[in-house]
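Close look at the chain arrangement
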Amino acid sequence: MKRYDFMHLSAHPVLWQQDMAVCIGVFDGLHSGHQAIIRRCVELAAQQGLESMVITFDKNPKMIMKSQPYHSKLASESQIEQILVNIGVDHLVVIDFSADFSKLTAEEFLTLVCAFCHVNVMVVGEDFRCGAPVSSAGPVQLQEYLSRLSPEATVEIPPFVLTADGEITSSTLVRKKLLEGALEEVQSMLGRPYELDLVAYPSKFMEKGLLYRTASFMQLLPPVGVYEAQLSLSDGSVVDVHAHLGEDELLIVPDQAMWDWIAARTKRLSFRAKGSIS
Ligand SMILES: Cc1cc2nc3c(=O)[nH]c(=O)nc-3n(C[C@H](O)[C@H](O)[C@H](O)COP(=O)(O)O)c2cc1C
Ligand SMILES: Nc1ncnc2c1ncn2[C@@H]1O[C@H](COP(=O)(O)OP(=O)(O)OP(=O)(O)O)[C@@H](O)[C@H]1O
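Residues numbered from 1 in each chain as written. Chains lettered and ligands numbered in written order. Predicted model: local features only at pLDDT ≥ 70, side-chain atom pairs only at ≥ 80, totals over all residues. Heavy atoms only, no water.

Below, the discussion takes up the sheet that holds strand β9 (residues 210-213). Within the open sheet, the seven strands sit side by side as β7-β13-β10-β11-β12-β9-β8. Their pairing is antiparallel. The sheet is open, and its two edges are formed by β7 (195-197) and β8 (204-205), each paired on a single side. Direction of pairing for β8 relative to β9: antiparallel, over a ladder of two bridges. Along β9, the bridge assignment pairs Lys 204 with Leu 211. Strands β10 (225-233) and β13 (266-276) of the sheet are contacted by helix α8 (residues 183-190), whose axis makes an angle of about 120 degrees with β13. (Pairing = 2+ DSSP bridges. Helix = DSSP H or I, 4+ residues; strand = E, 2+ residues; numbered from the N terminus. Contact = heavy atoms within 4.5 Å. Axes fitted to C-alpha atoms, helices over the stretch in contact; angles between N-to-C directions.)

Structure follows, in structure tokens:
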């Protein structure tokens, strides 16, 4: 998968003649609803001889436009990229959602997208919206604008993916359930355990285990408690641990004192779905 900056790709349209299946969204956490949209995009690309493209944002437009308070992300950039690679996405385009960018109308935004590749199909969810609030577009207007810009292009709208309780799966719901410590529901909505990216964070070696400052995590954390978890190391090995999560610190203690701390390079901490055990 190749990664591009949106404005850079606009200035250097190396893909302008490439037939493309495109999906656009914030995709925070890449839950099962997001995965359904992206998988369909990749599937349509394979069926129609196109390449697939995911266009996403470095910051959540809804937060920038002040309709939602700031919140930490549900997944790191490298976690998102790994999942997109596994799904088979060819191109990832990231928008630096600046104050200037937030002024673009839906039509101006789509004109830029259609200038840097040849859009054959776009896949979005029923509640998709893009463009500055006064003129924002949903799936119906999207088809209208797209038909003008790329006459044979179609918009496909897969049905909503629901939770076991019949609610619409959303990043907002995943965040709510994570903050409540409902890790089983979080896992069910993500289609994988909730994982904390540990790669970039400095660690301190303690006698009992590894200590991290919670302030250094970019991702949203479950409530304070002791969790059963699995720690993945960069050599590919996985160690069963207990994660003692406090307000300011996270102490990771291996279940068996078997591991060479100094050589350990931690990659990710995967919370078991049962939730806090204390
Ligand atoms: C150029 C541009 C693209 C946008 N794309 C998205 C998007 O893909 N997903 C999203 O959730 N919000 C996106 N937004 C933000 C929504 O369009 C914004 O929340 C919406 O305009 C709010 O308007 P409403 O009051 O009509 O819902 C985008 C905004 C702009 C300016
Ligand atoms: N449960 C779902 N089923 C199918 N499509 C979905 C689902 N949730 C989101 N989508 C689609 O995925 C794309 C990206 O959506 P977005 O990242 O805004 O998702 P969200 O989970 O609803 O986020 P938030 O809860 O922060 O509003 C959009 O096209 C949206 O319609």
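Counted under the stated rule, the structure contains nine aromatic pairs. Between Phe 101 and Phe 109, the aromatic rings sit 5.9 Å apart at their centres with planes inclined by 75 degrees, giving edge-to-face as the arrangement. Between the aromatic rings of Tyr 212 and Phe 217, the centroid separation amounts to 5.9 Å while the plane-to-plane angle is 35 degrees, which identifies the pairing as tilted. The exposure classification of Tyr 212 matches that of Phe 217, with both residues buried. (Phe/Tyr/Trp six-rings, centres within 6.5 Å; stacked < 30°, edge-to-face > 60°. Buried < 20%, exposed > 50% of the residue type's maximum accessible area, 1.4 Å probe, protein only.)

It is worth spelling out the layout of surface pockets at this point. The space that makes up the largest pocket amounts to roughly 1000 Å³. Around the largest pocket, the lining comprises 44 residues; the ones closest to its centre are Val 26, Lys 62, Asp 127, Phe 128 and Arg 129. Secondary structure elements with two or more residues in the lining of the largest pocket: α2 (32-48), α3 (61-64) and α7 (171-179). Grouping the constituent residues of the lining of the largest pocket by class yields 23 nonpolar, 15 polar and six charged. Considered as a void within the structure, the second largest pocket measures approximately 520 Å³ in volume. If you trace the second largest pocket, you find 28 residues lining it, with Asp 58, Lys 73, Ala 75, Ser 76 and Glu 77 closest to the centre. Residue assignment for the lining of the second largest pocket shows that the elements contributing at least two residues are β3 (51-57), α3, α4 (77-87) and β4 (91-95). Broken down by element, the residue count for the lining of the second largest pocket peaks at three residues, all from α4. (1 Å grid on protein atoms, 1.4 Å probe; cavity = no way out; pocket = protein on both sides within 12 Å on 5 of 7 lines; lining within 4 Å. Points joined across faces, edges and corners; volume = space filled by probe spheres on them. Nonpolar A, V, L, I, M, F, W, Y, C, P; charged D, E, K, R; others polar.)

In this section: the side chain of Lys 177. Summarising the element assignment, Lys 177 is placed in helix α7. Residue Lys 177 is classed as buried on the basis of its relative accessible area of 13%. Only 3.2 Å separates the side chain of Lys 177 from the side chain of Glu 185, close enough to count as a polar contact. Each residue touching Lys 177, except ones within four places of it in the same chain, is listed here: Ala 182, Glu 185, Val 186 and Met 189. (Polar contact = N/O pair within 3.5 Å; in protein donor to acceptor, adjacent residues only side chain to side chain.)

A cluster of nonpolar side chains, Phe 160, Leu 162 and Ile 168, forms an exposed patch at the surface whose accessible area comes to about 250 Å². One can find Ile 168 in the loop between β6 (154-156) and α7. Owing to a relative accessible area of 41%, Ile 168 belongs among the partly exposed residues under this scheme. (Patch = residues over 30% accessible without salt bridge, like charges linked within 9 Å, V, L, I, M, F, W, Y side chains within 5 Å. Areas by Shrake-Rupley, 256 points an atom, 1.4 Å probe, with all protein chains shown as cover. Salt bridge = Lys/Arg side-chain N within 4 Å of Asp/Glu carboxyl O.)

Along α7, the residues classified as buried are Ser 171, Leu 173, Val 174, Arg 175, Lys 177 and Leu 178. In this structure, the buried side of α7 is in contact with α2 and α8. The positive-phi residue at the C-terminal boundary of α7 is Gly 181, with phi of around 80 degrees.

This part takes up the environment of Met 7. Relative to the helices and strands, Met 7 is located in helix α1 (residues 6-11). Linking Met 7 and Phe 27, residues 20 residues apart in sequence, is a C-alpha distance of 20 Å.

So, about the domain arrangement of the protein chain. One can read the domain layout of the protein chain as domain 1 (2-156) and domain 2 (194-276). Taking only C-alpha atoms into account, the centre of domain 1 sits 33 Å from that of domain 2. Taken together, the seven residues of domain 1 in the interface contact seven residues of domain 2. Of all residues in domain 1, Ser 72, Leu 74 and Gln 79 give up the largest surface area on contact with domain 2, accounting jointly for 65% of the area buried on that side. Run the count over domain 1 and domain 2 and you get zero salt bridges. Run the count over domain 1 and domain 2 and you get seven residue pairs in polar contact (both at pLDDT 80 or more). Grouping the constituent residues of the side of domain 1 that touches domain 2 by class yields two nonpolar, four polar and one charged. (Domains from an automatic or database assignment. Buried area = accessible area lost by both parts, 1.4 Å probe.)

In the vicinity of ligand 2 lie 21 residues, with His 31, Lys 62, Asp 127, Ser 171 and Thr 172 positioned nearest. At 2.7 Å from an oxygen atom of ligand 2 is found a side-chain nitrogen or oxygen belonging to Lys 62. At 2.8 Å from an oxygen atom of ligand 2 is found a main-chain nitrogen or oxygen belonging to Gly 125. In isolation ligand 2 exposes 620 Å². Once the protein is present, 93% of that is buried. A molecule is said to occupy a pocket when more than half its atoms come within 2 Å of that pocket's grid points, and by this definition ligand 2 occupies the largest pocket. When contributions to the shell around ligand 2 are tallied by element, the ones reaching two or more residues are α2 and α7. Looking at the shell around ligand 2 residue by residue, the classes come out as nine nonpolar, nine polar and three charged. (Near = heavy atom within 4 Å. Sits in = over half its atoms within 2 Å of the grid points.)

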